[in-house]
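So the chains spell out like this:
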Amino acid sequence: MYLKRLKDLREDIDEKQTTIAQFLGITRQQYSLYETGKRSIPAEYIKELALFYNTSSDFILELTNESKPYKRN
């Protein structure tokens, strides 16, 4: 499930939920609900996280295992 991927991406760069929440402009508690699957994460946040982690939204959503981001126009 993509929720594990969100957590893995965050832990891979040794960041805390607080840092990611601040980046998104939300509380740590709200971000925790997304990461644990208690709330659905909005598409706009997935897009922002893909940019933050330098990957693609497809990778976050587990539609691909290729973590390299798409070439931007």
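Shown above is the structure to which this text applies.
Definitions and cut-offs
Residues numbered from 1 in each chain as written. Predicted model: local features only at pLDDT ≥ 70, side-chain atom pairs only at ≥ 80, totals over all residues. Heavy atoms only, no water. Helix = DSSP H or I, 4+ residues; strand = E, 2+ residues; numbered from the N terminus. Rg over C-alpha atoms; globule rule 2.2 N^0.38 Å. Buried < 20%, exposed > 50% of the residue type's maximum accessible area, 1.4 Å probe, protein only. Contact = heavy atoms within 4.5 Å. Areas by Shrake-Rupley, 256 points an atom, 1.4 Å probe, with all protein chains shown as cover.

## So, the overall build of the protein
Here is step 1: Of regular secondary structure, the protein possesses five helices and zero strands.
Here is step 2: Each helix (α) and strand (β) of the protein, taken in turn from the N terminus, gives the series α-α-α-α-α.
Here is step 3: Computed over its C-alpha atoms, the radius of gyration of the protein comes to 12 Å, within 12% of the 11 Å expected for a compact globule of 73 residues.
Here is step 4: C-alpha atoms of the protein, sized along the principal axes, occupy 35 × 25 × 20 Å.
Here is step 5: Residue burial in the protein is summarised as follows: out of 73 residues, 33% are buried.
Here is step 6: Within the protein, residue pairs in contact and separated by at least 24 positions form 43% of the contacts whose partners lie at least 6 positions apart.
Here is step 7: As displayed, the protein offers around 5100 Å² of accessible surface, 46% of which is attributable to carbon and sulfur atoms.

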